[in-house]
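# Breakdown of the fold
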Amino acid sequence: MRDWHKRDVHINPDRPKCALYDCSLWGHAMVGAEENPHPVAMLVGEAPGQEEEESGFPFVGKSGRELTMYLRDFTRVPRNRFFILNLVNCRPPKNRDPLRGEIVICSSHLLVALGEIEPRIVGTIGRLSTQWFLGRGIPMEKAHGMVFERDGRIVVPLYHPAYGLHSPRRMKEIIEDFVVLGEVIRGERGVTVGCEIAPMYAQRIAGDGAR
């Protein structure tokens, strides 16, 4: 299992680089997963930031420290019990949101991880990862904290920890999201929304270029 606390100050030149030639992030340093072969759940973020790019691990910056705290104090499951990764492996320029075309191409690694780990529960951190699983029309402000059934697994949309850093008045909602995740993991809460709310799987990953 990887130790997410150990970080390099600069990007290691020997780190793997993106080799997906059709992706606009081609050649960028890749950020891997925080691995656990038998996780209680998979957590899927959106894209790495600067500190993640430097370290090679997901969620190690400010929002990562917030994530660790939310999992420990409100989900009541330690971070090392999860498998954590992002939709895209590389940091987009100036920390912008990844473009739709980048998500379509790069999320192939997520499909592989889902097939290998076969998580029963997935926590989607942020709008883009939530829409990848549940469909582009799903509004985050309505979906967060609900419990969906999708493709044979349970999906729990979570507000991104960074949202609380920028908008403290949302902290209560973020806390409630992570409480729900913990209840689902412990079997204390069931599905509240069936899979009929989302489009078919093939429609979700079919790309038509950047946004």
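Here we summarise the structure given alongside this text. (Residues numbered from 1 in each chain as written. Predicted model: local features only at pLDDT ≥ 70, side-chain atom pairs only at ≥ 80, totals over all residues. Heavy atoms only, no water.)

## As for the nonpolar core
In summary, soluble globular proteins display a tendency toward joint burial of nonpolar side chains. If you look at the biggest cluster of nonpolar residues, it comprises 24 residues, and the most contacted ones within it are L43, L67, F82, V156 and L181. Mapped onto this core, the elements with two or more residues apiece are β1 (41–45), α2 (62–75), β2 (82–86), β3 (121–125), β5 (153–158) and α8 (171–185). The element contributing the most residues to this core is α8, with 6 residues. Ignoring sequence-local partners within four residues, the contact set of L43 consists of L67, L71, F82, F83, I84, L85, G123, I125, L158 and L181. (Core = buried A, V, L, I, M, F, W, Y, C linked by side-chain atoms within 4.5 Å. Buried < 20%, exposed > 50% of the residue type's maximum accessible area, 1.4 Å probe, protein only. Helix = DSSP H or I, 4+ residues; strand = E, 2+ residues; numbered from the N terminus. Contact = heavy atoms within 4.5 Å.)

## Observations regarding helix α4 (residues 108–117)
Restricting attention to buried positions, one finds in α4 the residues H109, L110, A113, L114 and I117. For α4, the angular spread of the buried residues around the axis is 140 degrees, confining them to a single face. Those residues of α4 that are buried lie in contact with β1, β2, α3 (100–106), β3, α5 (127–134) and β5. Residue E118 follows α4 closely and has a positive phi angle near 50 degrees. (Arc of directions from axis to C-beta.)

## Here we look at the environment of F82
Position of F82 among the secondary structure elements: in strand β2. A relative accessible area of 0% places F82 in the buried class. Each C-alpha atom, one on F82 and one on H38, is 8.2 Å from the other, the two residues being 44 residues apart in sequence. Other than its neighbours up to four places away in sequence, F82 contacts E34, N36, P39, V40, A41, L43, L71, T75, V77, L181 and I185.

## Things to note about unusual backbone geometry
Despite not being glycine, F59 shows a phi value in the positive range, around 55 degrees. Secondary-structure assignment places F59 in the loop between α1 (50–55) and α2. Judged by relative accessible area, which is 4%, F59 ranks as buried. At R76, a position not held by glycine, the phi torsion is positive, near 65 degrees. Mapping R76 onto the fold places it in the loop between α2 and β2. Exposure remark for R76: the relative accessible area of 55% places this residue in the exposed category.

## Section: the pairing of β3
Among the 5 residues that make up β3, 5 are buried, leaving the element largely enclosed by the rest of the structure. Alternating residues of β3 divide into I121, G123 and I125 and V122 and T124, and every residue in both groups is buried. Taken together, the 3 bridges between β1 and β3 define a ladder with parallel strand orientation. By the bridge assignment, V44 is partnered in β3 with T124. (Pairing = 2+ DSSP bridges.)

## Regarding the packing of aromatic side chains
Following the criterion strictly, the structure yields 4 aromatic pairs and no others. Taken together, a centroid distance of 5.1 Å and an interplanar angle of 15 degrees make the contact between Y70 and F178 stacked. Of this pair, Y70 sits in helix α2 while F178 sits in helix α8, and the two are 108 residues apart along the sequence. Classification of F178 as buried rests on a relative accessible area of 0%. Cluster of aromatic residues (ring-pair linked, three or more members): Y70, F74 and F178. (Phe/Tyr/Trp six-rings, centres within 6.5 Å; stacked < 30°, edge-to-face > 60°.)

## Quick look at the pairing of β5
Taken residue by residue, a regular strand's side chains alternate between the two faces of the sheet. Counted residue by residue, β5 has 6 buried out of 6 residues, so it is predominantly covered. Alternating residues of β5 divide into R153, V155 and P157 and I154, V156 and L158, and every residue in both groups is buried. Pairing of strand β4 (residues 148–150) with β5 involves 3 bridges; the strand directions are antiparallel. Within the sheet, the bridge partner assigned to R150 lies in β5 and is R153.

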